[in-house]
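Take a look at the letters that make up each chain.
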Amino acid sequence: MASLVSSPFTLPSSKPDQLSPLSQKHYFLHSFLPKKTSQPISKSSLKVKCAVVGNGLFTQTTPEVRRIVPAKKDNLPIVKIVYVVLEAQYQSSLSSAVQSLNKNAKFAAFEVVGYLVEELRDENTYKTFCKDLEDANIFIGSLIFVEELALKVKAAVEKERDRLDAVLVFPSMPEVMRLNKLGSFSMSQLGQSKSPFFQLFKRKKQGAGFADSMLKLVRTLPKVLKYLPSDKAQDARLYILSLQFWLGGSPDNLQNFLKMISGSYVPALKGKKIEYSDPVLFLDSGIWHPLAPCMYDDVKEYLNWYGTRRDANEKLKGPNAPVIGLILQRSHIVTGDESHYVAVIMELEARGAKVIPIFAGGLDFSGPVEKFLINPITKKPFVNSVVSLTGFALVGGPARQDHPRAVEALRKLDVPYIVALPLVFQTTEEWLNSTLGLHPIQVALQVALPELDGGMEPIVFAGRDPRTGKSHALHKRVEQLCIRAIRWGELKRKSKAEKKLAITVFSFPPDKGNVGTAAYLNVFSSIYSVLKDLQRDGYNVKGLPETAEGLIEDVIHDKEAQFSSPNLNIAYKMGVREYQSLTPYATLLEENWGKPPGNLNSDGENLLVYGKQYGNIFIGVQPTFGYEGDPMRLLFSKSASPHHGFAAYYSFVEKIFKADAVLHFGTHGSLEFMPGKQVGMSDVCYPDSLIGNIPNVYYYAANNPSEATIAKRRSYANTISYLTPPAENAGLYKGLKQLSELISSYQSLKDTGRGPQIVNSIISTAKQCNLDKDVKLPEEGEEISAKERDLVVGKVYSKIMEIESRLLPCGLHVIGEPPSAMEAIATLVNIAALDRPEDGISSLPAILAQTVGRDIEDVYRGSDKGILRDVELLRQITEASRGAISSFVERTTNKKGQVVDVADKLNSILGFGINEPWIQYLSNTKFYRADRDKLRKLFVFLGECLKLVVADNELGSLKQALEGKYVEPGPGGDPIRNPKVLPTGKNIHALDPQAIPTTAAMQSAKVVVDRLIERQKADNGGKYPETIALVLWGTDNIKTYGESLAQVLWMIGVRPVADTFGRVNRVEPVSLEELGRPRIDVVVNCSGVFRDLFINQMNLLDRAVKMVAELDEPAEHNYVRKHAFEQAKTLGIEVREAASRVFSNSSGSYSSNINLAVENSSWNDEKQLQDMYLSRKSFAFDCDAPGAGMMEKRKVFEMALSTADATFQNLDSSEISLTDVSHYFDSDPTNLVQNLRKDGKKPSAYIADTTTANAQVRTLSETVRLDARTKLLNPKWYEGMMSSGYEGVREIEKRLTNTVGWSATSGQVDNWVYEEANTTFIQNEDMLNRLMNTNPNSFRKLVQTFLEANGRGYWQTSEENIERLRQLYSEVEDKIEGIDR
């Protein structure tokens, strides 16, 4: 409902089809809410309050529900208390304490009001808070860890601190802790004082150890302090006692706490003897069960009690019941806010599972996990799986986390680890109505951080009541959570022979030549290698063919029909009745797809499941979105629901095949991109309904952490990383190779009379290779001076070296086949090319350049300018790097080319100073004097990296997951920038979204932005660009720690400010003097994935842009302000709204669909593609109403785009370039901007390339040419692909289709690219036949794409060429239909 108007409205009584889908589905929503007795509905109660009412924030509750004002009584003094807490569990406990104090008031009456930290975002609530403090006696704060709100609390309390009688702040950010004051006890010196209490806060690594030592201190200090005479010691003692009362949390404890503090510090009560009892201490950690007589400190005792339970049946008590461990937060138990915990325990027991619910009082659960869930004698776990119901990271909660310690504890435990979430900052209703789902701060604290521990399945199992603040179970969600936890546990208990596995492959775009698409992966060979391994391991894989090719034949050909029919093999036919009974949400799909079976994956009567079963393994083909071929549907701004065939596939896997687990094979399918909340789904979100109760294991490319994270959060996947194929240098071929030979002869003969002659040959060959588009060449035969000749040759040389050294992934990866050592060389050379100052490692090129007295940055710059000397030096440096590293790798390999025990070999190499292989190699070059210590340090690091590159754990991790064990987490990203990504086979996670952009990212960003603006000025007569339209990608920002995000901040001239925990939640403007140029306006298009992962950063960007628009600066120095004012005037809106610059898709939708239209040729003209972009990408994020989600602001979007002088994207890793994936052109607005601009001028289009140490800004057309030369037209690349067979042909076809995509969105593809491609693949008979025989379906698409490029006017060529292509098209059609057999 969030999309509706923000005033109360009445539901119309007629025409249900006009209601929003949410209100039609509202019969579903009852399943979440606790059952209420029904009341007769009166007319007036039909008014529905909308989600975006009020302040547009996520947290809509008000502090008034926590306000208690006592009745006036016989002149009793009134003590007023104001408290601020992170979560609401203290609300009911504190309220009941105050009510009982007021009921038998003897010495004072208590007035109390409480605020949740998040409520203070609302201006009015904040004002009330400041007003409440003005006449308060006591202020209490706890767990205030969100910086912007911590600063608000600090500002308000500081004003009143001296007047207040007592200020008590329990663990929070240091800024807030410094507010503490009890008599003479204060913490204003926090971090400087010598006392033990302060020493605790000084430790750099305040992880869990901090919480533990603090609890120990809290236990012992009061006893010690009691005997110290001074007031100061007594005040400190009362502070510690307060902390004990507070952590004890029960109404009794809180009553005594209030008595103690007011009796000791409120002046009106001085001299009255107010009796209070000592804190009732609960166990710090232990085992708690709602039916048990007490808390247990020993598992044996707990299990003994469990065995004697009268209410439990024998089966539950028996040795064969599954056992689930639960991790609970102590504060919920002691404050009596534990009904949601009870519900989970009861549900698990009702389903036949034993539970061991453990809790801890501090923020470190790793100790209790090891103590209570692992058998101390056998070291085996007592449990089959573990569910944390706290939502926090295992060690450190909301404060600082200690992930290595958590991973170590979970590794010992070795069972699946699920982290479910109770709603913290939203009430149940706010969450249900939100299209975003969970509150961004909760996503950061309770989804992103637990993922770093290897946690999975962020299912929201409990809601919050707006009045009492108590948690309540969401019954449907609790049921799903419990079944899934038991199913993961079952994997540990079932024998391998009886386990059933459904392997799911993808087919994008839907065509037989595309079955088994996945980024960089040879899917069928990988599946074959996985199945062979599982077979050896004891799984039942009956009837597996002899070869991987046989496997392909089985899946993609219908054996019943003639041999090469257009149909895939049908594994199951599902009747409509059966489908409806197995799929409870089937009726919801009819709104988009009509009645089942529909026409997708159906034969008109039944729904068809495609695939093939071998024993207990089913290999199935996931249906596609279903709307790829329908231009009208592609225009819808919100994505459609899955179709009936899609739902039937997952119903089959879960309920008919009865899979114990599903394995999604490769990056990526469409299940996790179906509509629904972004994070924290409800049971009407499609990904949640589709995956149902099946444990989901997902092979994901290690370099794509962002989409892997979507798969984790939206399809509950255990994502296991696989390596991208080893990279190689593109090398030179044909004319380019000739050029390089000509250049070396020019260098040796340039001073003889032959110089000019050779330069002429160089110029003519360069023109044949179409290099004249990239380098300004003089006319042939033109007289030029020797200096100019050097420059021409230098520029051509620089260009060829750029092509030669470009990295390409060669071939496709096969799971279970790690690269050989020699294949790893190019990767190591690139790892060695980056400086790593944090590890004190210099890059190899830098060390070598120093040897000859040069700075490597200067050499890069000289080479870019085409200074012949520098180009040559850079080539020598590159060659020496490769040589030194090859000689090093050779020494660590055996005759077969495998790396043998690297550690021993390394020790022997690093043992002798003189014989180090790299020193030996360099001694014969001009770099023989290189610095030995620096080299040694670098090569020790490279040795570590080599071990990781060749490690093989992808199959091992899959088997661990299928056996119900813990898969160790690891970051995703680019192995060259961050070797910690290796070895693969880890459970991929992204990063803490609040940690970016880092300082290093900001540095890199400045360099790129300055180069971009320089380039744009040079191409545009020295004028600054007023607006730049750019794209933010999820994966790029994870790999580079927020570089592109930092670029946007630098364009508008602001810098990020980090808090004490290093989290970035604020920005401040950079002065115009320091910036030295105008502030450039931006239009930011965030990918759907970026929106899901970095909503906090979108908030940050939007705040930054609006802040800049409101700076009082002249328009010619602040283009953001200039345009915002113009647009506000034209559209008649507020300046802040006109300054909306952060756009994306509507929540739950992804991509502009241009990629789907291009891949399926389902578009008429470019205007249609531009409409898709505008209709799908025009949703703005508003930092003034973040809870409202993405709001459509198409007019503002169009006006902002119409001012763009340049469009811009980043390339950040060597394995993905512009034509490798369709995402890049899908987000490119170049032609669109031209249509929107009043002057119809085409904007400049730039691509920043930070894949190497020498960052470049190129035009889009330069980059497309570079890409074509190094991939599509490069024999090294296409032969590498052809060696992968069936999949390889598809990869070649995909590059051509993506090239057409660029023609369609930007018009920046040269004619010669298509011409050369035609020469390479069609005119070469031998090549033609190989393509046609290996994968006829993909070959047909290739021919069709050539014809389409010509038909749409992107490729002018001879009539014979077109005729030949038409003829081929009908030949291959016949072949596919099987006519010529």
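Above this text you will find the structure in question.
If you're wondering where the values come from, they're calculated on a predicted model, not measured in any experiment.

**Looking at helix 54 (residues 1286-1306)**
Phase 1 of the analysis: Along its 21 residues, helix 54 runs 31 Å from first to last C-alpha, staying within 8% of the 30 Å computed at 1.5 Å per residue.
Phase 2 of the analysis: In terms of residue burial, helix 54 counts as a mostly covered element, since 20 of its 21 residues are buried.
Phase 3 of the analysis: Of the residues one or two after helix 54, Gly1307 is the one with positive phi, at around 65°.

**Topic: the side chain of Asn1210**
Phase 1 of the analysis: Note that Asn1210 resides in strand 35 (residues 1206-1211).
Phase 2 of the analysis: Judged by relative accessible area, Asn1210 falls into the buried class, the value being 7%.
Phase 3 of the analysis: One polar contact links Asn1210 to Gln1047, side chain to side chain, over a distance of 2.8 Å.
Phase 4 of the analysis: Look past the residues within four positions of Asn1210 in its chain and what remains in contact with it is Asp1036, Ser1044, Gln1047, Tyr1224 and Ala1248.

**Focus: helix 14 (residues 339-350)**
One turn of the α-helix equals 3.6 residues, which is why residues spaced by three or four share an orientation.
Phase 1 of the analysis: With 12 residues, helix 14 extends 16 Å from end C-alpha to end C-alpha; this agrees with the ideal 16 Å at 1.5 Å per step.
Phase 2 of the analysis: Every buried residue of helix 14 is listed here: His340, Tyr341, Ala343, Val344, Ile345, Leu348 and Glu349.

**Remarks on the pairing of strand 3 (residues 78-85)**
Phase 1 of the analysis: Counting buried positions over the 8 residues of strand 3 gives 7, a clear majority of the element.
Phase 2 of the analysis: Examined bridge by bridge, strand 3 and strand 4 (residues 109-116) share 8 bridges and lie parallel to one another. Bridging across to strand 4, Lys80 finds its partner in Glu111.
Phase 3 of the analysis: A crossover links strand 3 with its parallel partner strand 4, the connecting element being helix 3 (residues 89-103), and its sense is right-handed.
Phase 4 of the analysis: Where strand 3 meets strand 5 (residues 138-142), 5 bridges bridge the pair, whose relative direction is parallel. When the bridges of strand 5 are listed, Val84 appears paired with Gly141.

**Quick notes on the packing of helix 41 (residues 1043-1052) against helix 44 (residues 1095-1109)**
Phase 1 of the analysis: In the contact formed by helix 41 and helix 44, the axes pass within 10 Å of each other and the chain directions differ by 5°. As far as their axial angle goes, helix 44 and helix 41 are roughly parallel. The segment helix 41 lies against helix 44, with Leu1045, Val1048, Leu1049 and Ile1052 engaging Gln1097, Leu1101, Ala1104, Val1105 and Val1108.

**Some details on the sheet that holds strand 13 (residues 417-419)**
Two pairing modes exist for strands in a sheet, parallel and antiparallel, and in both the strands are linked by backbone hydrogen bonds.
Phase 1 of the analysis: If you trace the 5 strands from one edge of the open sheet to the other, you get 9-11-10-12-13, paired in mixed fashion. With partners counted over all chains shown, the strands left at the sheet margins are strand 9 (285-287) and strand 13, one partner each. Within this sheet the neighbouring strands show an average axis-to-axis angle of 20°, counted without direction.
Phase 2 of the analysis: Of the pairings in the sheet, the one linking strand 10 (residues 323-329) to strand 11 (residues 354-360) comprises 7 bridges and is parallel in character. Residue pairing in the sheet places Leu326 in a bridge with Pro357 of strand 11.

**Some thoughts on the nonpolar core**
Phase 1 of the analysis: By size, the foremost hydrophobic cluster in this structure holds 295 residues, and its most contacted members are Leu326, Leu389, Leu394, Phe665, Tyr699 and Phe1339.
Phase 2 of the analysis: The element contributing the most residues to this core is helix 44, with 8 residues.
Phase 3 of the analysis: Non-local contacts of Leu389, meaning those with residues more than four positions away in its chain, are made with Leu326, Ile327, Leu328, Tyr341, Val344, Ala420, Pro422, Phe461 and Leu481.
Phase 4 of the analysis: Judged by nonpolar contacts, the second largest core, of 77 residues, contains Val98, Ala156, Val424 and Leu452.

**Considering the pattern of salt bridges**
Phase 1 of the analysis: Within the structure shown, the criterion is met by 79 salt bridges.
Phase 2 of the analysis: Arg351 serves as the salt-bridge partner of Glu479, at 3.6 Å between the closest nitrogen and oxygen. With Glu479 in helix 19 (residues 475-493) and Arg351 in the loop between helix 14 and strand 11, the pair connects residues that are 128 residues apart, well separated along the chain.
Phase 3 of the analysis: With a relative accessible area of 32%, Glu479 lands in the partly exposed category.
Phase 4 of the analysis: A salt bridge links Arg1366 to Glu1363; the shortest N-O distance between them is 3.4 Å. On the criterion of helical spacing, the pair formed by Arg1366 and Glu1363 is a turn pair, its members being 3 residues apart in helix 58 (residues 1359-1377).
Phase 5 of the analysis: Residue classification places Arg1366 among the partly exposed residues on the basis of a relative accessible area of 45%.
Phase 6 of the analysis: Residue Glu1363 is classed as partly exposed on the basis of its relative accessible area, which comes to 42%.

**Concerning the pairing of strand 20 (residues 617-621)**
Phase 1 of the analysis: Along strand 20, 5 of the 5 residues are buried, which leaves the element largely enclosed by surrounding structure.
Phase 2 of the analysis: Where burial is concerned, the two faces of strand 20 agree: the one with Ile617, Ile619 and Val621 and the one with Phe618 and Gly620 are both buried.
Phase 3 of the analysis: The sheet contact formed by strand 17 (residues 501-505) and strand 20 spans 5 bridges and is parallel. Across the sheet, Ala502 pairs through a bridge with Phe618, a residue of strand 20.

Cut-off values and rules
Residues numbered from 1 in each chain as written. Predicted model: local features only at pLDDT ≥ 70, side-chain atom pairs only at ≥ 80, totals over all residues. Heavy atoms only, no water. Helix = DSSP H or I, 4+ residues; strand = E, 2+ residues; numbered from the N terminus. Expected span 1.5 Å × (residues − 1). Buried < 20%, exposed > 50% of the residue type's maximum accessible area, 1.4 Å probe, protein only. Polar contact = N/O pair within 3.5 Å; in protein donor to acceptor, adjacent residues only side chain to side chain. Contact = heavy atoms within 4.5 Å. Pairing = 2+ DSSP bridges. Right-handed = clockwise from strand over helix to strand, strands pointing away. Axes fitted to C-alpha atoms, helices over the stretch in contact; angles between N-to-C directions. Parallel < 35°, antiparallel > 145°, perpendicular 65-115°, else oblique. Core = buried A, V, L, I, M, F, W, Y, C linked by side-chain atoms within 4.5 Å. Salt bridge = Lys/Arg side-chain N within 4 Å of Asp/Glu carboxyl O.

Any functional reading would require information that these geometric values do not contain.
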